[in-house]
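Breakdown of the fold
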Amino acid sequence: QDAGNHTLLSEFILSGLSSHPELQHLLFFTICFIYSMTLIGNLLICLATAHPTLHTPMYFFLRVLSFLDISTASVVVPKMLVNILSEDRSISYLGCVTQLYCVVFLASTEWYLLAAMAYDRYVAVCRPLRYPAIMSTRACLSMVLLSCCSGQVVSVVQTAWVFTLSFCGPRRIDYFFCDIPPLVLLSCADTSRYERQLISATALVIFTPFCLILLSYTCILSSILRISSAESRHKTFSTCSSHLTVVTLYCASGTLIYLQPKSSNSQEAKKVLALIYTTVIPTLNPLIYSLRNKEVKEVLIRGIAVLMKK
């Protein structure tokens, strides 16, 4: 019977962020504003870092990060905005599979990319003379390709595991998009084996890159403390602290969401964390990187000045 219910299931219902009608319009305009800022900010980063003066590995990785942020927000937010104002909050079975696959792929890829960015900063600070040779164009492209391939493997495995579970009973997902924890809650089968596998995947996708990032920044901090010039020390620390801020936000929200997939008492908290992970952080990235980066600001200002003259 479970297998039959699983086979015949054609759609899910997304409950959304809030069940309070009086909050729907406020949520709609707030999230719409955040999403607009995400698109504008990250598109500006993509355009600015494509400038010939910013053709370095750091800005190449930043451009890829901005593209991933735009993609992550675009997979989740448009459907969420439609559901906020619509009475029909259904999502097809195939649509749910696709959304979950894309979210896991983009999030996993971004984690590996953040590790690559940390390694780039490590080489720049700790091995400056060998930096051009180590961080060649080929090496940078290989790191991005490896990040995408790793994200692809994680996403295929996790999506396949989730949708081989038997779903019975209500088809209502207590979430605003298709994600692993709320889908696991819908399963009537024993998910203990899957939950153990998910913890292993979380360690692989989040903790392994995080440990590599911490190792890189430990070496960077050691090198920064040996810099005699206070100005150079401040500039290096400012650049690295921006990256570390993003990593900390991702790690905190990601681990709290996925370490206890079947914990129903913390579902509301998980919604907030998921909103931060998929909507707020993609908006913060361009602010953190561009407003604290002199080169990016100069390119953006020159570009705006040229447009105004036209």
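Residues numbered from 1 in each chain as written. Predicted model: local features only at pLDDT ≥ 70, side-chain atom pairs only at ≥ 80, totals over all residues. Heavy atoms only, no water.

Per an unreviewed UniProt entry, the protein goes by the name Olfactory receptor and belongs to Loxia curvirostra. If you open the UniProt record of the protein and go to Subcellular location (unreviewed entry), you find "Cell membrane". What UniProt states about the protein under its Sequence similarities (unreviewed entry) heading is, verbatim, "Belongs to the G-protein coupled receptor 1 family." (UniProt positions renumbered as here; feature names shortened; annotations may be inferred.)

Once that is clear, we can look at the environment of Ile206. Along the chain, Ile206 turns up in helix H8 (residues 192-225). When its relative accessible area of 5% is taken as the criterion, Ile206 is described as buried. For the pair Ile206 and Ser108, spaced 98 residues apart in sequence, the C-alpha separation works out to 7.9 Å. When neighbours within four sequence positions are excluded, Ile206 is seen to be in contact with Trp111, Cys251, Gly254 and Thr255. (Helix = DSSP H or I, 4+ residues; strand = E, 2+ residues; numbered from the N terminus. Buried < 20%, exposed > 50% of the residue type's maximum accessible area, 1.4 Å probe, protein only. Contact = heavy atoms within 4.5 Å.)

Across all of its chains, the model carries one disulfide by this definition. Cysteine Cys149 shares no disulfide, and the gap to the nearest cysteine sulfur, in Cys148, comes to 6.9 Å. With relative accessibility at 41%, the residue Cys149 sits in the partly exposed group. (Disulfide = S-S within 2.5 Å.)

So, about the nonpolar core. Counting residues in each nonpolar core, the largest one holds 86 residues, and the members touching the most others are Phe12, Phe61, Trp111, Ile173, Ile180 and Leu183. A per-element tally of this core places helix H4 (residues 93-126) first, with 19 residues. (Core = buried A, V, L, I, M, F, W, Y, C linked by side-chain atoms within 4.5 Å.)

Let's shift gears to the sheet that holds strand E2 (residues 90-92). Strand order in this open sheet of three strands is E2-E1-E3, and the pairing throughout is mixed. Edge positions in the sheet fall to E2 and strand E3 (172-173), since each of these pairs with one other strand and no more. As judged from the two bridges shared by strand E1 (residues 11-14) and E3, these two strands associate in the parallel manner. Its bridge partner lying in E3, Leu14 is registered against Ile173. Contacting E1, E2 and E3, H4 crosses the sheet at an angle of about 85 degrees to E2. (Pairing = 2+ DSSP bridges. Axes fitted to C-alpha atoms, helices over the stretch in contact; angles between N-to-C directions.)

Turning next to the packing of aromatic side chains. By the definition in use, this model includes 14 aromatic pairs. Relative to Phe163, the ring of Tyr93 lies with its centre 5.4 Å away and its plane at 75 degrees, an arrangement referred to as edge-to-face. One end of the pair, Tyr93, is in helix H4; the other, Phe163, is in the loop between helix H6 (137-162) and E3, and 70 residues separate them in sequence. What makes Phe163 buried here is its relative accessible area of 10%. Between Trp161 and Tyr194, the aromatic rings sit 5.7 Å apart at their centres with planes inclined by 35 degrees, giving tilted as the arrangement. With Trp161 in helix H6 and Tyr194 in helix H8, this residue pair connects regions lying 33 residues apart in the sequence. (Phe/Tyr/Trp six-rings, centres within 6.5 Å; stacked < 30°, edge-to-face > 60°.)

This part is about the UniProt feature "transmembrane region" (unreviewed entry) in the protein. In the numbering adopted here, UniProt assigns the feature "transmembrane region" (unreviewed entry) to residues 26-48, 60-78, 98-119, 140-163, 199-225, 237-260 and 272-291. The straight-line gap between the two end C-alpha atoms of residues 26-48 is 33 Å; of that span, 100% is helix and 0% is strand. Along residues 60-78 one finds 100% helix and 0% strand; the C-alpha atoms at either end are 27 Å apart.

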